[in-house]
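# Structural overview for review
Given next are the chains, with one letter for each unit.
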Amino acid sequence: MSLLDDLGGKLNKLTGKLKDADLGDKISEVGNNVADALSMGARTAYGRAKNAAEVGGLKLKLADARKEEAAAFEKFGRRYMELHREDADPDLLDEIESIKAAGRKVESIQRSIEESKAAQAAAEAEMKEKAEEQKTAAAEEDAGDEFSGTVTEEETPAEHTEEETAAEEKSPSEPEKAVDNQTDGQN
């Protein structure tokens, strides 16, 4: 039986190799399919990106062309207004009035901007002037503090005014009042 067992083992090994070979082929085929799909996806993505870049470039060119067109219309409109402001085609009177109104609005806004800038400049100049005044006052105060520290007690002016001195002379102090009250009570 060992021969039969040996042949059976070899047969099983051979069958296993065949199965593995089929499996390997299938795995290889799946791998090739995945690679093909990835390659196709990459080509599609590249094509879309390239197309998007081309479309984006064309959109930029379109925007530039529209700007040129708008500039040409503006130039034409300005020229027409210069030549025919007073004797314009009656069909264009509404548009001309709109242009005039817009022009007045632009001038008004420009005046407001200039007034605002002037007011800001004046406020800044005033603030700068006040800052300089404060610096000068602080410097003078600092200089005054330096001199006041050198004055001796003898040079210090009297703390009482003439009015305070006169008031003290008229009204006796508390101990004097007590003495006066005692003498009055004894008399």
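Residues numbered from 1 in each chain as written. Predicted model: local features only at pLDDT ≥ 70, side-chain atom pairs only at ≥ 80, totals over all residues. Heavy atoms only, no water.

## What about the overall build of the protein chain?
Condition: A helix here means a DSSP run of H or I that spans at least four residues, while a strand means a run of E at least two residues long, and both kinds are numbered starting from the N terminus. Any residue under 20% of the maximum accessible area for its type is buried, any over 50% is exposed, and the rest in between are partly exposed; the area is computed with a 1.4 Å probe on protein chains only. Using the Shrake-Rupley algorithm and a 1.4 Å probe, accessible areas are obtained, with residue cover drawn only from the displayed protein chains.
Each helix and strand counted, the protein chain has 4 helices and 0 strands in total. In sequence order, the secondary structure elements of the protein chain are arranged as α-α-α-α. Within the span of the protein chain, comprising 187 residues, buried residues form 2% of the whole. A total accessible area of about 17,200 Å² is found for the protein chain, and carbon and sulfur atoms account for 56% of it.

## Topic: the pattern of salt bridges
To be explicit about the condition: When a carboxyl oxygen of Asp or Glu lies within 4 Å of a side-chain nitrogen of Lys or Arg, that pair is called a salt bridge.
Evaluated as defined, the whole model comprises 4 salt bridges. Arg 78 is the partner of Glu 74 in a salt bridge, and the nearest nitrogen-oxygen pair spans 2.9 Å. Here Glu 74 pairs with Arg 78, and both are found in helix H1 (residues 2-84), just 4 residues apart, close to one helical turn. Residue classification places Glu 74 among the partly exposed positions, given a relative accessible area of 43%. With a shortest N-O distance of 3.4 Å, Glu 126 and Lys 130 are connected by a salt bridge. Here Glu 126 pairs with Lys 130, and both are found in helix H2 (residues 93-148), just 4 residues apart, close to one helical turn. For Glu 126, a relative accessible area of 44% translates into the label partly exposed. Accessibility expressed as a relative area gives 45% for Lys 130, which makes it partly exposed.

## Here's the deal with the confidence of the model for the protein chain
Basically, it comes down to this: Confidence scores here are pLDDT values: one per residue, from the predictor, ranging 0 to 100.
Overall, the prediction assigns the protein chain a mean pLDDT of 76, with 64% of residues at 70 or greater. The weakest mean pLDDT in the protein chain belongs to helix H4 (residues 174-186) at 52; the strongest belongs to H2 at 87.

## Examining a negative patch on the surface
Note the threshold: Patch construction takes residues with relative accessible area above 30% that form no salt bridge. Like charges are linked within 9 Å, and nonpolar side chains (Val, Leu, Ile, Met, Phe, Trp, Tyr) are linked within 5 Å. This count recognises Lys and Arg as positive and Asp and Glu as negative, with His and chain-terminal groups excluded. To locate a charge, take NZ of a lysine, CZ of an arginine, CG of an aspartate or CD of a glutamate.
Taken together, Asp 89, Asp 91, Asp 94 and Glu 95 make up a surface patch of like negative charges. Looking at Asp 91, the relative accessible area reads 66%, which means it is exposed.

## Concerning the environment of Glu 86
Mapped onto the elements of the fold, Glu 86 is located in the loop between H1 and H2. Linking Glu 86 and Ile 96, residues 10 residues apart in sequence, is a C-alpha distance of 9.8 Å.

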